[in-house]
Every structure is written in structure tokens, then in C-alpha cells.
Amino acid sequence: MYKRILVPVEHSDADRTIIDHVQALARMCGATLVLVHVADGWAARAYDELGVRDSKEIQEDRAYLDALVTELQGQGFAVESRLAMGDPATEIIRAADTEKADLVAMTTHGHRFVKDILLGATVDKVRHELKVPVLLLQAR
């Protein structure tokens, strides 16, 4: 069914919601988990233009991804990770394409009204632009 599941992580406690949920699905399908974190702070957005390579933000994001990979591999999962820079929605969509994901599994924060307009733009753009299924779970 699913061979490559893209799992965007935001380097927050919300990640446990999707990681815990997607493990059973990946195990059942024998799927590879492809973790992607999109760094979107100042250093990440200036990464190419200014040659910012080793900011504290980027080092912490890489370490976080490495720790998740180690954890999941220790549980027997095939795992890959990608650190992207820029706009989260754009980079998640790009990663789903380049990684040939057949499912994107991510969390949503369930914002309403004004907060949804300001904070829910990533999930909204991803679910409307992707051509593969998107599994959304409300973050705990």
C-alpha cells in the first residue's frame, strides 16, 4: 500500500502525536519513514543568500532529526531524514515530490478563525496542493 511515508516534524512536542501514530502504519506496510524538518528561522531563510551554514538553529535541527532517526531505527524502522530551509508548506510539498512519498502524515494544531488564517497556512497549502494522500492528526 504505502512504501514511503513523508513525516514533517516541527521540532516540538507535537511531533510525538504523528510519530507514535505512523509507526503502526509503517510497520504494517513495510514502509520507509522519511522525516523532514523545515527550518524557517532567520538563519534558514538566509542559508543560500548569505552562506549561513552552521547556525545554532540549524545545528539543533540536524541533531533533533538525527535523534529521531536513531530512535526509530532502534525500533526496526527504515528511516531517512531531510533538513530543508525556507517556507514549510513549499518545502513539504517539494519533499513529497522529490522523495516520491505516497503518503504525507503530519499534525495540525486545530486553530480556528484568525489563528487558522495566521497559523494554519502550512497544513492548508499542503493538503490542497499535494497529489498524494495526506493524513492529518490534531496535535496532543
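Only a predicted model underlies this, so the values are computations on that prediction, with no experimental measurement involved.

1. Some words on the pattern of salt bridges
Pairing of side chains with opposite charge becomes possible as their charged atoms draw close. Tallying each qualifying case throughout the model produces 9 salt bridges. Two residues, R82 and E80, come together in a salt bridge whose shortest N-O distance is 3.2 Å. Residue classification places R82 among the partly exposed residues on the basis of a relative accessible area of 33%. A relative accessible area of 26% means that E80 is categorised as partly exposed.

2. Overview of the packing of helix α5 (residues 88–98) against helix α7 (residues 121–129)
Their axes nearest at 8 Å, the elements α5 and α7 cross at an angle of 30°. Judged by the inter-axis angle, α5 sits roughly parallel to α7. Between α5 and α7 lies a crossing of right-handed hand. Here α5 contributes P88, A89, T90, I92 and I93 to the contact with α7, which in turn contributes T122, K125, V126 and E129. Residue composition of the contact of α5 with α7, grouped by class: 5 nonpolar, 2 polar and 2 charged.

3. A few points about the pairing of strand β4 (residues 103–108)
β4 sits mainly inside the fold: 5 of its 6 residues count as buried. Two strands pair when backbone bridges link them, and strand β1 (residues 4–9) and β4 are joined in this way by 2 bridges, in the parallel orientation. Bridging from a neighbouring strand, L6 pairs with V104 of β4. By the bridge criterion, 5 bridges tie β4 to strand β5 (residues 134–138) in an arrangement that is parallel. Directly across from M106, in β5, lies its bridge partner L136.

4. Digging into the environment of D97
Relative to the elements of secondary structure, D97 occurs in helix α5. Once the C-alpha coordinates of D97 and K131 are considered, the two residues, 34 residues apart in sequence, prove to be 9.2 Å apart.

5. Some details on the nonpolar core
Membership of the largest hydrophobic core comes to 23 residues, with the highest contact counts inside it found for I5, V7, V9, L33, L35 and L72. Looking at this core, the elements with two or more residues in it are β1, α1 (15–29), β2 (32–39), α4 (56–74) and β4. Examining the composition of this core, we find that 6 residues originate from one element, α1, more than from any other. Among residues more than four places away in sequence, those in contact with V7 are I18, V22, L33, V34, L35, V36 and A105. Of all hydrophobic cores here, the second largest spans 16 residues; its members include V38, I92, I93 and V123.

Each value, and the rule that gives it
Residues numbered from 1 in each chain as written. Predicted model: local features only at pLDDT ≥ 70, side-chain atom pairs only at ≥ 80, totals over all residues. Heavy atoms only, no water. Salt bridge = Lys/Arg side-chain N within 4 Å of Asp/Glu carboxyl O. Buried < 20%, exposed > 50% of the residue type's maximum accessible area, 1.4 Å probe, protein only. Axes fitted to C-alpha atoms, helices over the stretch in contact; angles between N-to-C directions. Helix = DSSP H or I, 4+ residues; strand = E, 2+ residues; numbered from the N terminus. Parallel < 35°, antiparallel > 145°, perpendicular 65-115°, else oblique. Left-handed = near helix turned anticlockwise from the far one by under 90°. Contact = heavy atoms within 4.5 Å. Nonpolar A, V, L, I, M, F, W, Y, C, P; charged D, E, K, R; others polar. Pairing = 2+ DSSP bridges. Core = buried A, V, L, I, M, F, W, Y, C linked by side-chain atoms within 4.5 Å.

Everything listed here is a matter of coordinates, which is why it stays silent on function.
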